[in-house]
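Each chain, letter by letter, is given below.
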Amino acid sequence: MEICLEDVSYKSGKVFICQNIAWKLSQGEHWVLFGENGSGKTTLLSLVAGYHSIKKGTIFLDGEAYSEELLPKIKKNIALVSSSFFNNYYHNETLLEIVLSGGESGLGLGDKIIPQKVVRAKHLLAALGLKNRYSHPFCYLSKGQQQCVLIARALLNKPKLLLLDEIYSGLDAVMKKYVADSLKDICTEENVGTIMVTHEVENITDEYTHILLLKKGKVFARGLLKETMTSAVLSNYFQCSVDVTWQDGHFGMDIKINKQSLAEFYKKEI
Ligand SMILES: Nc1ncnc2c1ncn2[C@@H]1O[C@H](COP(=O)(O)OP(=O)(O)OP(=O)(O)O)[C@@H](O)[C@H]1O
Ligand SMILES: [Mg+2]
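The structure presented is a predicted model; accordingly, all values stated were derived computationally and were not measured. (Residues numbered from 1 in each chain as written. Chains lettered and ligands numbered in written order. Predicted model: local features only at pLDDT ≥ 70, side-chain atom pairs only at ≥ 80, totals over all residues.)

Colleague: Go over the pairing of strand 9 (residues 210-215), please, and point to the residues and values.
Modeller: Burial analysis of strand 9 places 5 of its 6 residues in the buried class, which makes it a mostly covered element. The pairing of strand 3 (residues 30-35) with strand 9 spans 5 bridges and is classified as parallel. The residue bridging Val32 from the neighbouring strand is Ile211, located in strand 9. In the sheet, strand 9 pairs with strand 10 (residues 218-224) via 6 bridges, with the strands oriented antiparallel. Bridge pairing links Leu214 to Val219 in strand 10. As consecutive antiparallel partners, strand 9 and strand 10 are separated by 2 residues, and within that stretch Lys216 has a phi angle of approximately 50°, a positive value. (Buried ≥ 20, exposed ≤ 12 C-beta atoms within 10 Å, placed from the backbone. Helix = DSSP H or I, 4+ residues; strand = E, 2+ residues; numbered from the N terminus. Pairing = 2+ DSSP bridges.)

Colleague: Can you break down the site of ligand 1 residue by residue, with the values?
Modeller: Around ligand 1, the neighbouring residues are Ser12, Ile17, Gly35, Asn37, Gly38, Ser39, Gly40, Lys41, Thr42, Thr43 and Ser84. A per-element tally of the shell around ligand 1 places helix 1 (residues 41-48) first, with 3 residues. Here the shell around ligand 1 is built from residues that sort into 1 nonpolar, 9 polar and 1 charged. (Near = placed C-beta within 6 Å. Nonpolar A, V, L, I, M, F, W, Y, C, P; charged D, E, K, R; others polar.)

Colleague: Quick rundown of the sheet that holds strand 6 (residues 78-82)? Include the residues and the values.
Modeller: Two orientations exist for strands paired in a sheet by backbone hydrogen bonds: parallel and antiparallel. The strand order across the open sheet formed by 6 strands is 6-7-8-3-9-10, and the pairing between neighbours is mixed. Of all the strands in the sheet, the pair left with one neighbour each is strand 6 and strand 10. This sheet shows a mean twist of 15° between the axes of neighbouring strands, independent of strand direction. Relative to the sheet, helix 6 (residues 143-155) contacts strand 6 and strand 7 (161-165), its axis offset from that of strand 6 by approximately 175°. (Axes fitted to C-alpha atoms, helices over the stretch in contact; angles between N-to-C directions. Contact = placed C-beta atoms within 7 Å.)

Colleague: So, the environment of Phe85: which residues are in play, and what are the values?
Modeller: Inspection of the secondary structure puts Phe85 in helix 3 (residues 83-86). Residue Phe85 is classed as buried on the basis of its 20 C-beta neighbours within 10 Å. Taking the C-alpha atoms as reference points, Phe85 and Thr42, separated by 43 residues in sequence, lie 7.1 Å from one another.

Colleague: Hey, could you go over the domain arrangement of the protein for me, with residue numbers and the actual values?
Modeller: With domains assigned, the protein is organised as domain 1 (3-229) and domain 2 (230-270). Its C-alpha centre places domain 1 at a distance of 27 Å from the equivalent point of domain 2. On the domain 2 side, the residues contacting the 11 residues of domain 1 number 10 residues. Contributing elements (two or more residues each) for the side of domain 1 that touches domain 2: strand 9 and strand 10. For the side of domain 1 that touches domain 2, a count of residues per class yields 6 nonpolar, 2 polar and 3 charged. (Domains from an automatic or database assignment.)

Colleague: Residue-level account of the sheet that holds strand 1 (residues 3-12), with values.
Modeller: Pairing within the open sheet is antiparallel, and its 4 strands lie in the order 2-1-4-5. If you trace the sheet from one side to the other, it starts and ends with strand 2 (15-25) and strand 5 (64-65), each paired once. Note that strand 1 and strand 4 (residues 56-61) share 5 bridges and pair antiparallel. Each residue of the ladder has a partner; that of Ser9, found in strand 4, is Lys56. Contacts from helix 1 reach strand 1, strand 2 and strand 4 within the one sheet, and its direction differs from that of strand 2 by about 60°.

Colleague: Go over the nonpolar core, please, and point to the residues and values.
Modeller: If you look at the biggest cluster of nonpolar residues, it comprises 68 residues, and the most contacted ones within it are Leu33, Val99, Ile151, Ala152 and Leu163. The biggest single contributor to this core is helix 6, with 7 residues. For this core, the domains that each give at least three residues are domain 1 (3-229) and domain 2 (230-270). Excluding residues that lie within four positions of it along the chain, Leu33 makes contacts with Lys41, Leu44, Ile195, Met196, Val197, Leu212 and Leu214. (Core = buried A, V, L, I, M, F, W, Y, C linked by C-beta atoms within 7 Å.)

Below, the structure written as structure tokens:
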């Protein structure tokens, strides 16, 4: 499966959130989508997942342009896990309803409930520590438990591409290791590709092959992870001194910021 973004822009009101994005992802690749708060990462993932219509440019799935008609194929193959996206939509829905909606084109539960999907949804919820809570409303769960419901939702259809938006935030240490190892197994066994957004750089491990660096909605850098995530590129990106390290297969970043540049940064932002 191949996803190709050609000159994609998206705006809300008059403001462009993503601008002129060109990006090609091939089957089984593992990408990190990295960038400062508000740079457009969640928005870009939700565009790739088919949750918004694009204002300019085109996204292709195996050469077919995204459209209403293509939505079932998009939703079958690409799954988004993003609490910052879904928490705007899910409140009183039960865990089972939310996981089952992962098999639908929209955000809600469709007309027909397929018994095999119910079995799989319950199995996934149980595997993620939510056994016997199938009828609980989503809003009554803790942040980490909500994250697990969204992971189960994404896995319902056995997608070919998983879009993971800060999925480890809120998970306790054991659950984080369990989820990371389970996803690694699924991705290896079924040749599933991933795009991971994270601010916690230790989550960037050797399995990730590529990176797209976003700044203010535009591509700042893109390429092979170890060639692109360098001290020079990140110092330029953050406009301060950044030291990049790789230790035991994990990425590390040491940021040195002096008080004067911090004051200048805040003046600029205000
Ligand atoms: N529906 C919306 N309407 C208007 N503006 C929006 C909407 N969604 C996002 N934005 C704005 O678009 C910009 C990018 O938001 P987005 O959530 O994609 O950033 P992000 O890179 O995921 O940030 P973070 O790292 O904080 O999660 C932000 O300035 C945000 O305020
Ligand atoms: Mg985000």
